[in-house]
Amino acid sequence: MTFTDARPQDGLVPPARSLWHLMLGGFAATGFYEVWANWPTALLAGFPLEPPALIKSLFHHQLGLHVPDVWAKALHFLTGFLFYPLGYWIVSRILRVGPPAAGWLWGVATYFIALGVFAPLAGLPFLLIGENGLLSLMSLIGHAIYGHLLALVFETQEARARSA
């Protein structure tokens, strides 16, 4: 079975094997996103995407808390390799959309979660409109590719496990 032949299965709670596969996909996708955020984005937009800075602003703006860099980075990585992959699992099962569409759709959804929901809650403009359009575009592209890679790795691992 190839990546494009894989189809979502029933159930909103992944079994342990699938959870491990989701985390592998999340690690791969988050690794890509970190490179994307710090190299091509900085080259084209003038500075990198900084999700930990968004997290720090969110906690400060909403709760008045100062979150150290290490904890903001840890929360971003945890989101990238666990929370967003679990979101992919749920969304792909609810929508019943197979890969790669489910990955691309989830990647775009994560962009809207980050810059459409959390950025305004952190005191920043919706989707960073008016701030830096190129930075917002680079975030959209990076999140879309993140979702695709997450789905690719996860669904490939799932297909291998089913055929073993």
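To be clear, the structure that these remarks concern was listed above.
Keep in mind the model is a prediction, meaning the values are calculated, not measured. (Residues numbered from 1 in each chain as written. Predicted model: local features only at pLDDT ≥ 70, side-chain atom pairs only at ≥ 80, totals over all residues. Heavy atoms only, no water.)

1. Here's the deal with the overall build of the protein
The criterion, for reference: A run of H or I in DSSP counts as a helix once it spans at least four residues, and a run of E counts as a strand once it spans at least two, with each numbered from the N terminus. Only C-alpha atoms enter the radius of gyration, while the globule expectation follows 2.2 Å times N to the 0.38, with N the number of residues.
Of regular secondary structure, the protein possesses six helices and zero strands. Counting from the amino terminus, the protein carries its helices and strands in the arrangement α-α-α-α-α-α. Taken over the C-alpha trace, the protein has a radius of gyration of 16 Å; the compact-globule value for 164 residues is 15 Å, and the two agree within 12%. Seen through its principal axes, the protein has C-alpha atoms that stretch 50 × 30 × 25 Å.

2. Focus on helix α1 (residues 16–38)
Note the cut-off: To estimate how far a helix should extend, the number of its residues minus one is multiplied by 1.5 Å. Any residue under 20% of the maximum accessible area for its type is buried, any over 50% is exposed, and the rest in between are partly exposed; the area is computed with a 1.4 Å probe on protein chains only. Residue contacts follow a heavy-atom distance rule, with two residues in contact if any of their heavy atoms lie within 4.5 Å.
The end-to-end C-alpha separation of α1 is 33 Å, in line with the 33 Å expected for 23 residues at 1.5 Å each. Here α1 has its buried residues at Ser 18, His 21, Leu 22, Met 23, Gly 25, Gly 26, Ala 29, Thr 30, Tyr 33, Trp 36 and Ala 37. Against α2 (40–45), α3 (51–63), α4 (69–95) and α6 (133–163) lie the buried residues of α1.

3. Focus on helix α5 (residues 101–121)
Defined as follows: Two axes enter the bend calculation: one fitted to the seven residues ending at the residue in question, the other to the seven starting there, and the bend is the angle between them.
For α5, which comprises 21 residues, the first-to-last C-alpha distance of 29 Å matches the rise-based estimate of 30 Å (1.5 Å per residue) to within 8%. Approximately 25 degrees is the largest bend angle found in α5, and it occurs at Phe 112. Every buried residue belonging to α5 is among Ala 102, Gly 103, Trp 106, Gly 107, Thr 110, Tyr 111, Ala 114, Leu 115, Gly 116 and Ala 119, and all of these are buried. On the buried face of α5, the contacting elements are α3, α4 and α6. Once α5 finishes, Gly 123 follows within two positions and takes phi at roughly 90 degrees, a positive value.

4. Thoughts on the nonpolar core
Rules: We define the nonpolar core as a collection of buried residues of types Ala, Val, Leu, Ile, Met, Phe, Trp, Tyr and Cys that are connected through side-chain atoms lying within 4.5 Å of one another.
If you look at the biggest cluster of nonpolar residues, it comprises 27 residues, and the most contacted ones within it are Leu 49, Tyr 88, Leu 115 and Leu 150. Breaking this core down by element, the ones donating at least two residues are α1, α3, α4, α5 and α6. Dropping the residues within four chain positions of it, Tyr 88 is found in contact with Leu 22, Pro 99, Ala 102, Gly 103, Trp 106, Leu 150, Ala 151, Phe 154 and Glu 155.

5. With respect to the packing of aromatic side chains
Quick reminder of the rule: Only rings of Phe, Tyr and Trp enter the pairing, Trp through its six-membered ring, and a pair is recorded when the two centres are within 6.5 Å. The plane angle decides the type: under 30 degrees is stacked, over 60 is edge-to-face, the rest tilted.
Evaluated as defined, the whole model comprises seven aromatic pairs. Centroid distance Tyr 88 to Phe 154: 6.0 Å. Interplanar angle 75 degrees. Geometry classified as edge-to-face. One end of the pair, Tyr 88, is in helix α4; the other, Phe 154, is in helix α6, with 66 residues separating them in the sequence. Comparing Tyr 88 with Phe 154, the two get one shared label, buried. Centre to centre, the rings of Tyr 111 and Phe 112 are 5.1 Å apart; their planes meet at 75 degrees, and the pair counts as edge-to-face.

6. Observations concerning unusual backbone geometry
In this model, Pro 99 is joined to Pro 100 through a cis peptide bond whose omega is 5 degrees. With a phi close to 55 degrees, Arg 96 is a non-glycine residue in the positive phi region. In this structure, Arg 96 sits in the loop between α4 and α5. The phi angle at Leu 128 is positive, at roughly 60 degrees, despite the residue not being glycine.

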